[in-house]
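Residue-level structure breakdown
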Amino acid sequence: MKYAFVFPGQGSQFVGMGKELAENFKSAKEVFQEVNDALSQDLFKIMVEGPESELTLTANTQPALMANSMAVIRILENEFGIKLKEKISYVAGHSLGEYSAACAAGVFSLADTARLLRIRGDAMQKAVPLGVGGMAAVLGVSFKDINALVEACNSEDALCVAANDNSDGQVVLSGHMAAIEKAVEIASEFGAKRCVKLPVSAPFHSPLMQPAAEVMAHALMDVESHNAEIPLIANVTAYTETDKKEIIKNLISQVTGTVRWRESVTFMQEEGVTDAVEIGAGKVLSNIIKRSQPDIHAYSVGSAAEIEELAKNL
């Protein structure tokens with residue numbers, strides 16, 4: 001068996017996440033308290049009770065999803081005695097999930113990861129005024145064929161790019177709202193089965209995020225970091241890295257760069273990964289992996305029962 005742990009990105013959050021873990025495991029409670037202390041905020045209360053509008057604010061969503069994922073990791077380590085670096089071959093995460101992966105691999109401390117994600121969420125929100133940018137999912141067009149649609153939507157005043165290459169036939173565009181709305185309108189002419197605007201508050205992973213990339217460059221340079229104990233597959237290269245300087249460089253590039261998830265999953269398959277385990281909230285990544293690489297056994301682990309089952313198999 002060869003395991004990769006993958007960590008979800010924005011969109012996987014739900015009100016109530018973490019509640020069952022905190023009720024059942026001391027380690028989870030400690031994670032949520034540590035994140036609360038790092039942020040000087042009762043984020044765990046928002047995770048458990050909502051309201052949803054508070055939880056979906058980017059500055060809350062990012063550290064909340066990471067905290068939930070890291071609660072699962074700490075439970076495996078502390079309550080079941082699993083040594084991750086002995087059992088797990090790779091870690092990877094989608095967008096903010098790459099920070100969860102870095103934390104799980106020992107690159108940053110939990111408190112620093114929470115603070116970095118709060119800074120990242122705030123910086124991404126502030127980079128572009130509300131309503132100026134957006135994102136849309138294009139279904140049925142591969143990454144290599146998306147350029148024709150992108151070029152048709154771009155003008156001097158409005159730009160969009162392919163932000164997430166999730167799987168064959170699922171690409172997410174990001175950029176100025178005018179370009180995104182045009183993509184929704186004309187995508188079918190370029191072979192798309194569907195093109196839908198996403199309920200996000202900013203054009204993530206596009207050049208419009210450059211101000212946020214500059215903020216993150218400063219924040220990441222100021223934080224204590226270590227080489228990864230588990231090879232981390234980076235979003236922007238779809239290749240593994242353990243050197244802390246390279247990981248930080250990739251995290252800065254990732255703010256404006258394309259999330260190369262399809263290629264990351266292909267890399268796992270080529271490296272002989274048998275099990276891709278989505279750690280934390282939701283099933284978005286495990287479902288993508290199931291569809292795109294059926295040879296890999298992909299599943300999500302977020303509940304007490306699922307954690308116990310995984311610990312037994314590890």
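Scope of this entry: the structure provided in the associated data block. (Residues numbered from 1 in each chain as written. Predicted model: local features only at pLDDT ≥ 70, side-chain atom pairs only at ≥ 80, totals over all residues. Heavy atoms only, no water.)

**With respect to helix α8 (residues 110-127)**
When the terminal C-alpha atoms of α8 are compared, their 25 Å separation across 18 residues agrees well with the 26 Å that a helix rising 1.5 Å per residue should span. Of all 18 residues in α8, 13 are buried; the element is thus mostly enclosed. (Helix = DSSP H or I, 4+ residues; strand = E, 2+ residues; numbered from the N terminus. Expected span 1.5 Å × (residues − 1). Buried < 20%, exposed > 50% of the residue type's maximum accessible area, 1.4 Å probe, protein only.)

**Observations concerning the sheet that holds strand β3 (residues 133-139)**
Taking strand neighbours across the sheet as the criterion, the four strands line up as β4-β5-β3-β6 in an open arrangement whose pairing is antiparallel. In this open sheet, the two edge strands, each paired with only one partner strand, are β4 (160-167) and β6 (194-197). Sheet twist, expressed as the mean angle between neighbouring strand axes with direction ignored, is 25 degrees. Pairing of β4 with strand β5 (residues 170-176), which is carried by six bridges, proceeds in the antiparallel orientation. (Pairing = 2+ DSSP bridges. Axes fitted to C-alpha atoms, helices over the stretch in contact; angles between N-to-C directions.)

**Regarding the sheet that holds strand β1 (residues 3-7)**
Taken in spatial order, the six strands make up an open sheet running β8-β7-β2-β1-β9-β10, and their pairing is mixed. The sheet terminates laterally at β8 (240-241) and β10 (297-301), the two strands that pair on one side only. For strand β7 (residues 232-233) and β8, the ladder comprises two bridges, and the chain directions are antiparallel. Paired with leucine 232 across the bridge in β8 is glutamate 241. Against the sheet, helix α15 (residues 304-313) makes contact with β1, β9 (275-279) and β10, and its axis sits at roughly 135 degrees relative to β10, the strand it touches most. (Contact = heavy atoms within 4.5 Å.)

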